[in-house]
Amino acid sequence: FESLTVGELAKKLGREPSEIIKKLFMLGVMATINQELDKDAIELICTDYGVEVEEEIRIDKTDLETYFESDEEQPAGELKERPPVVTIMGHVDHGKTTLLDSIRNTKVTAGEAGGITQHIGAYQVVENGKKITFLDTPGHAAFTTMRARGAKVTDLTILVVAADDGVMPQTVEAINHAKAAEVPIIVAVNKMDKEAANPDRVMQELTEHGLVPEAWGGDTIFAPISALKGDGIDNLLDMVLLVAEVAELKADAKRKAIGTVIEAQLDKGRGSVATLLVQDGTLNVGDPIVVGNTFGRVRAMVNDIGRRVKEAGPSTPVEITGLNDVPQAGDRFVVFEDEKTARAVGESRATTAIQEQRSEKTRVTLDNLFDQM
Ligand code: GTP
Ligand code: MG
């Protein structure tokens, strides 16, 4: 209904028309029993009576973060082991990119005909039959977003330290980030192939920052590698799995998916394209989804090796299309039961974001309007 008369509304609410007229008068509207009321006026009266307007979809939570904090929404499912999500950090030129490439080249392209057809900002490798997810974003960026939102994206971090250079300012910064986020650190002592490599010095210097090697009675794993030559990569990945096992990372593949945006952009042909990391649950093609301040339906999904997939389970990175707008890296995503709710939550979030942008002034809400009366 777009409009009702005062009399019709009174009947629907089971109230006397005079009561409605009085209420309208209090709100500053002079009305008669045959007066037509528009949608807004109807909603106002209904809200005052604590009655929901039928057409309206009720959304009690628009803060996506709350969907991460509690599982009350979801029936308790079965928790199963999930792959660890790993980022790589370290000082400039210590070999982060070379290590990522080395892992990807030795582990992903092998056995995957065609190899990587496109870059999606994250990838999975298989070591000893177990999957490991690597975020291709600079570790620092991942941590900053993570910290800003008080949320966890990474399960563990590999700290790359060049054996010929030792601990540098960004090495220390990385340690502080990881410590603040309570993310375990594995040290990759890189460039071991170099003449000037001095792993003892690296261990010595890191000990001063609280990272004591196991050999010296501490509990930090140090893995010597040459990212350039591909030496020690298998051992490093085994260590990642070891630490992941201790962390007992679990997820419920049967619940509706939640996760975080790794990166997103506008593509001329495909529209909004977003790389998502599914952190819990399973994401399916066709799922109604809210991503940051936008929403949509998952139209198509592509995995890290450029293949079309229909579903993506816990710790899986996928690229999706089908969103109305382009979200931001670090934004949360939540899958909803139906498109109507996703739309309502998404639109509400978009409106709020615009309003917040426009002014930080306190807005007059219906509630405090009534409080004043
Ligand atoms: P930024 O992204 O600039 O912070 O640097 P990065 O940490 O990604 O370092 P990158 O992988 O670009 O490596 C820097 C230089 O070190 C490049 O010239 C690499 O070829 C070289 N390098 C990386 N790993 C090794 C290694 O294991 N041995 C040797 N000899 N050189 C290496
Ligand atoms: Mg790099």
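The notes below deal with the structure included here. Keep in mind it's a predicted model, so treat the numbers as computed, not measured.

**Remarks on the overall build of the chain**
The number of helices and strands found in the chain is 11 helices and 19 strands. Sequence-distant contacts in the chain: of pairs separated by 6 or more residues, those separated by 24 or more amount to 73%. Total accessible area computed for the chain in this model is approximately 19,300 Å², and 48% of it derives from carbon and sulfur atoms.

**Considering helix 1 (residues 6-13)**
Among the residues of helix 1, Val 6, Gly 7, Leu 9, Ala 10 and Leu 13 are the ones counted as buried. Summarising the axial view, the buried residues of helix 1 lie within an arc of 165 degrees, below the 170-degree limit, and thus occupy one face. Opposite the packed face of helix 1, turned more than 90 degrees from it, sit the exposed residues Lys 11 and Lys 12. Summarising the contacts, the buried residues of helix 1 are in contact with strand 1 (3-5), helix 2 (17-26), strand 2 (36-38) and helix 3 (39-48).

**Structural notes on the nonpolar core**
With 24 residues, the main nonpolar core has Ile 88, Leu 99, Ile 103, Ile 132, Phe 134, Ile 158 and Leu 236 as its most contacted residues. The element that contributes the greatest number of residues to this core is helix 9 (residues 233-247), accounting for 6 residues. The contact partners of Leu 99, leaving out residues within four places of it in the chain, are Ile 88, Ile 158, Val 160, Ile 225, Ala 227, Ile 233 and Leu 236.

**So, the sheet that holds strand 7 (residues 156-162)**
The strands that make up a sheet pair up through hydrogen bonds in the backbone, lying either parallel or antiparallel. Strand order in the open sheet formed by 6 strands is 5-6-4-7-8-9, and the pairing between neighbours is mixed. Unpaired on one side and paired on the other, strand 5 (122-127) and strand 9 (221-224) mark the two borders of the sheet. Each strand of the sheet is rotated relative to its neighbour by a mean of 30 degrees, with strand direction disregarded. In this structure, strand 4 (residues 85-90) lies alongside strand 7, joined through 5 bridges in parallel fashion. When the bridges of strand 7 are listed, Met 89 appears paired with Leu 159. Against the sheet, helix 8 (residues 199-207) contacts strand 7, strand 8 (185-190) and strand 9, and its axis sits at roughly 125 degrees relative to strand 7. In the packing of helix 9 onto the sheet, contacts are made with strand 4, strand 5, strand 6 (130-135), strand 7, strand 8 and strand 9, and the angle to strand 6 comes to roughly 100 degrees.

**Description of the site of ligand 1**
Around ligand 1, 15 residues are found, and the nearest of them are Asp 93, Lys 96, Thr 97, Thr 98 and Asp 193. With respect to ligand 1, the backbone of Asp 93 contributes an N or O atom lying 3.0 Å from an oxygen atom. In the model, an oxygen atom of ligand 1 is placed 2.8 Å from a nitrogen or oxygen of the Thr 97 side chain. Surface burial for ligand 1 is 70%, taken as the share of its 650 Å² of free accessible area covered by protein chains.

**Remarks on unusual backbone geometry**
Positive phi is not limited to glycine here, since Asp 93 has a value of about 70 degrees. Looking at where Asp 93 falls in the secondary structure, it is placed in the loop between strand 4 and helix 5 (96-107). Of the residues examined, Asp 93 reaches a relative accessible area of 63% and is grouped as exposed. Despite not being glycine, Ser 315 has its phi angle at roughly 70 degrees, a positive value. Take Ser 315: it is sitting in the loop between strand 17 (311-312) and strand 18 (317-323). Looking at Ser 315, the relative accessible area reads 2%, which means it is buried.

Cut-offs used in this document
- Residues numbered from 1 in each chain as written.
- Chains lettered and ligands numbered in written order.
- Predicted model: local features only at pLDDT ≥ 70, side-chain atom pairs only at ≥ 80, totals over all residues.
- Heavy atoms only, no water.
- Helix = DSSP H or I, 4+ residues; strand = E, 2+ residues; numbered from the N terminus.
- Contact = heavy atoms within 4.5 Å.
- Areas by Shrake-Rupley, 256 points an atom, 1.4 Å probe, with all protein chains shown as cover.
- Buried < 20%, exposed > 50% of the residue type's maximum accessible area, 1.4 Å probe, protein only.
- Arc of directions from axis to C-beta.
- Core = buried A, V, L, I, M, F, W, Y, C linked by side-chain atoms within 4.5 Å.
- Pairing = 2+ DSSP bridges.
- Axes fitted to C-alpha atoms, helices over the stretch in contact; angles between N-to-C directions.
- Near = heavy atom within 4 Å.
- Polar contact = N/O pair within 3.5 Å; in protein donor to acceptor, adjacent residues only side chain to side chain.

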